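One letter stands for each residue in the lines below.
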Amino acid sequence: MKIAFTSDIHADVSPENERVPESQVPILLRESPDIFIVCGDVSADQWHFEGTLKKYGRLTCPKLVVAGNHDLWVENEEENSIEKYRYTLPKLAKENGFIYLGVEPYVTGNVGFVGTCGWYDYSFRNKGLDGEIPENAYKTKKFGGRRWMDAVYCNWSSMEDAEVAGIMNESLKRQIAKVEDAVDHIVVVLHHVPFRELLTYKNDPSWDFLNAFTGNSKTAEIIRASSKVRVVLYGHTHERKEQSVGGILAMTHSVGYEWEWAERGMNPKDSVGFFHV
């Protein structure tokens, strides 16, 4: 089974990002994958989210998507991120030809696909800097001139980040259990980072502060508990990376922001990854 994947399209941030699917679709049509997966951060606003998914309509293979943190941003205090995650985004995905992972798994042949957005509980922070970065800085998502913008645009009502991470982890655990006896292979699809080993730590408070918002250690435990998981796809870090962690291949192949492309050598025409399972 040939699988294509991408992430972090961010169609709402620039005209160049908005046009990314137009570069990807000819490649996908030429390569003819059996599955196409978007690992989150399509767009913060629903208009671009829907319009971006619609651009992949020429692909006849099953198309899967998980939400990213930007997809869960809301425009006013009356909107709720958990409602957007559970109801609004699944509806928009279905209406535009995508299968939304995060609620139920997807099985084709002997392969099961499970996924969630994932979230963070600050367990990926650099604990060696706990004396320099106060605990409250992670809760407010503000430190040394840095601001993690989920603090402004996500609305989880009264839930703390650890509670959100717990909801995502329970969903992932349930999905794996649901397909484990029925398939030979499980592909985990996340937006957030699955393993701490994939991150770069510099012992620089300004840099390492942001690592706290990349994932959580419980997700890794859930993934490692299943012998049928051999591949994990993710996004969020705006990288192109393949790394084996404890015998599990973790891969990301992000689009990223237009202003990062030259600096990171990331061409939008090379923003789709492929692998076989």
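None of these values were measured; they are calculated from a predicted model. (Residues numbered from 1 in each chain as written. Predicted model: local features only at pLDDT ≥ 70, side-chain atom pairs only at ≥ 80, totals over all residues. Heavy atoms only, no water.)

Q: Got a minute to help me understand the sheet that holds strand 1 (residues 2–6) in this structure?
A: If you walk across this open sheet you meet the five strands as 4-3-2-1-13, and the pairing is mixed. Strands with a single pairing partner mark the edges of an open sheet, and in this sheet they are strand 4 (99–100) and strand 13 (273–276). Examined bridge by bridge, strand 1 and strand 2 (residues 35–38) share four bridges and lie parallel to one another. Paired with A4 across the two strands is F36, which belongs to strand 2. (Pairing = 2+ DSSP bridges. Helix = DSSP H or I, 4+ residues; strand = E, 2+ residues; numbered from the N terminus.)

Q: Hey, could you run me through helix 9 (residues 217–224) in this one?
A: Spacing of three or four residues puts side chains on the same side of an α-helix, whose turn is 3.6 residues. Within helix 9, the full set of buried residues consists of T219, A220, I222 and I223. The buried residues of helix 9 all sit within an arc of 160° when viewed along its axis, so they share a single face. Lining the buried residues of helix 9 we find helix 7 (161–179), strand 9 (185–190), strand 10 (229–233) and strand 12 (248–253). Near the N-terminus of helix 9, the side chain that reaches the backbone nitrogen of K218, with its oxygen 3.1 Å away, is that of N216. (Buried < 20%, exposed > 50% of the residue type's maximum accessible area, 1.4 Å probe, protein only. Arc of directions from axis to C-beta. Contact = heavy atoms within 4.5 Å. Polar contact = N/O pair within 3.5 Å; in protein donor to acceptor, adjacent residues only side chain to side chain.)

Q: How do you make sense of the sheet that holds strand 10 when you look at a structure like this?
A: An order of 5-6-9-10-12-11 is seen for the six strands of this open sheet, with the pairing classed as mixed. A strand with exactly one partner marks an edge of an open sheet, and here the two such strands are strand 5 (106–108) and strand 11 (240–245). Taken over all neighbouring pairs, the strand axes of this sheet differ in orientation by 20° on average, direction set aside. The pairing of strand 11 with strand 12 spans six bridges and is antiparallel. Its bridge partner being in strand 12, V245 is matched across the sheet by I248. Docked against the sheet, helix 9 engages strand 9, strand 10, strand 11 and strand 12, running at close to 165° with respect to strand 9. (Axes fitted to C-alpha atoms, helices over the stretch in contact; angles between N-to-C directions.)

Q: Please clarify how the side chain of D161 should be interpreted in this entry.
A: Here D161 shows up in helix 7. Polar contacts involving the side chain of D161 include one to the side chain of Y122, which spans 2.5 Å. In this structure the side chain of D161 is engaged in a polar contact, spanning 2.7 Å, whose partner is the side chain of K141. Not counting residues up to four positions away in its chain, the partners in contact with D161 are W119, Y120, Y122 and K141.

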